[in-house]
Amino acid sequence: MTAVINTRESVSTTLSVEPIAGYIGAEVSGVNLADAFDERTQQALRDALYEYKVLFFRDQKIDHAQQIRFTSYFGPVTDAHPLGYTDKSPADYPEVLEVDSRTYASRSGSRKYSYANFWHQDVTALVNPPAVTVLRGELVPEVGGDTTWADLGAAYDNLPSSLQRFLEGLYAENRFGGREKRWESGSESEAVTSETPIISEHPVIRVHPVTGQRLIYVNPGFTSRILGVSPSQSDRILDLLFAEITNPAITVRVRWTPDSIGVWDNRATIHQAPTDLDHLDVVRVLHRTTVEGDVPQGVNGLQSRSISGEPFFARKSA
Ligand SMILES: [Fe+2]
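All values reported here derive from a predicted model rather than from experimental measurement.

Participant: I keep staring at the coordination of the iron ion and nothing clicks. Help me out?
Facilitator: Ideal donor angles around a metal are set by the shape: a four-donor tetrahedron calls for 109.5 degrees, a six-donor octahedron for 90 or 180 degrees. On the protein side, the iron ion has His 120 (NE2), Asp 122 (OD) and His 271 (NE2) as donor atoms, found 2.2 Å from it. Coordination of the iron ion draws on donor residues from a single chain, spaced H-x1-D-x148-H in sequence. Residue His 120 is classed as buried on the basis of its relative accessible area of 3%. Among the residues examined, Asp 122 registers a relative accessible area of 2% and is labelled buried.

Participant: I tried to follow the sheet that holds strand β16 (residues 269-272) on my own but got confused; where do I start?
Facilitator: Adjacent strands of a sheet pair through backbone hydrogen bonds, lying either parallel or antiparallel. The strand order across the open sheet built from three strands is β14-β8-β16, with neighbouring strands paired in antiparallel fashion. Two strands lie at the open edges of the sheet, namely β14 (251-254) and β16, each paired on one side alone. For this sheet, the mean inter-axis angle between neighbouring strands, taken without regard to orientation, is 20 degrees. For strand β8 (residues 147-151) and β14, the ladder comprises four bridges, and the chain directions are antiparallel. By the bridge assignment, Thr 147 is partnered in β14 with Val 254.

Participant: Can you walk me through the nonpolar core in this structure?
Facilitator: Across soluble globular proteins, you tend to see nonpolar side chains buried next to one another. Residues Leu 167, Val 204, Ile 216, Val 218 and Ile 245 are the most contacted members of the largest nonpolar core, which totals 25 residues. Taken together, the elements giving at least two residues each to this core come down to α4 (152-157), β12 (214-216) and α6 (231-245). Residues contacting Val 218, with those up to four places away along its chain left out, are Gln 121, Ala 172, Val 204, Thr 223, Leu 238, Leu 241, Phe 242, Ile 245 and Ile 270.

Participant: Please clarify how the packing of aromatic side chains should be interpreted in this entry.
Facilitator: In this description, a pair of aromatic rings is defined by centroid distance and the angle of the planes. Enumeration over the complete set of coordinates arrives at eight aromatic pairs. Between the aromatic rings of Phe 56 and Trp 256, the centroid separation amounts to 4.9 Å while the plane-to-plane angle is 65 degrees, which identifies the pairing as edge-to-face. Highlighted residues: Phe 56 in strand β5 (residues 54-57) and Trp 256 in the loop between β14 and β15 (261-265), separated in sequence by 200 residues. Note on Phe 56: relative accessible area 0%, which makes it buried.

Participant: Is there a simple way to explain helix α1 (residues 39-52) in this structure?
Facilitator: Note on helix geometry: an α-helix contains 3.6 residues per turn, so any two residues three or four positions apart are oriented the same way. Look at α1: 20 Å from first C-alpha to last across 14 residues, which is about the 20 Å you get at 1.5 Å a residue. For α1, the set of buried residues is Thr 41, Gln 42, Leu 45, Arg 46, Ala 48, Leu 49, Tyr 50 and Tyr 52. Following α1 by one or two positions, Lys 53 adopts a phi angle in the positive range, close to 70 degrees.

Participant: Teacher, can you tell me more about the environment of Leu 83 here?
Facilitator: Relative to the assigned elements, Leu 83 resides in the loop between α2 (64-72) and β6 (97-100). Each C-alpha atom of the pair Leu 83 and Ile 198 lies 8.9 Å from the other, and the pair is 115 residues apart in sequence.

Analysis parameters
Residues numbered from 1 in each chain as written. Predicted model: local features only at pLDDT ≥ 70, side-chain atom pairs only at ≥ 80, totals over all residues. Heavy atoms only, no water. Donors = N, O, S within 2.8 Å, 3.2 Å for Na, K, Ca; no water. Buried < 20%, exposed > 50% of the residue type's maximum accessible area, 1.4 Å probe, protein only. Pairing = 2+ DSSP bridges. Helix = DSSP H or I, 4+ residues; strand = E, 2+ residues; numbered from the N terminus. Axes fitted to C-alpha atoms, helices over the stretch in contact; angles between N-to-C directions. Core = buried A, V, L, I, M, F, W, Y, C linked by side-chain atoms within 4.5 Å. Contact = heavy atoms within 4.5 Å. Phe/Tyr/Trp six-rings, centres within 6.5 Å; stacked < 30°, edge-to-face > 60°. Expected span 1.5 Å × (residues − 1).

Function cannot be read off these values alone, since they describe shape.
The structure is reproduced here in structure tokens:
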């Protein structure tokens, strides 16, 4: 491996990228994320992300500012969350969302109400869901708490062409609470969003804006119903799609280690937060940053529609 250092501000590095599962996921070594990278290295990182969809970096002791800079290689960095949650950002870093197992437990009284415990993509209630998510493990348990991702492109490819064509003409509603909120409103989990509801309709099959790959674009965390069909038909279509996109054959499962950093293409993957920690007395603290997303495009010109709420843009630099 070669590493050529140009200046302290702009480092050029040759990445070492090792796949860690059959469809998606790679570990990247040979880089120090405390450095600022030149454009060539940034492009190599983006190319690796589009190819493997989930990247992991180990033993990277970086701070919030360095995480934000690293995130910016993939696009404009948004604030932590469209619903605010400013109490969950570190002082002076509104872009960083602190994911602390203790906070989630106390916020809702029970972790079971967190959408993170379901398979999901990040914030697909938005008309422009984040394109890329970065998560930095600061305090992680020695065992347990793995995160799993699945490949939405492989899920699409596994469908027969007749079913692909049928799905390519459909839209699905996405909102906080997902299917639990599909035909009614006003109950417990809606309280979080009632003042600022964010609801969007996305094409069920999305075309990736960079790779052109077709992706099944529904998720149990946010997708509430398929439009244009009956409630029972919607249920059956979503049951089928949720089974396809969570097929273990197309997943990668990664164990967090101290100072590890995960990056995923939030358009091309779905992920599940750990579900094996609730009975353990462990603390898990991670820091999340996200990249501004584009408005999804489907096949044949279908485009996402905002039903309620504003697009979520990165703040303009002053
Ligand atoms: Fe997530």
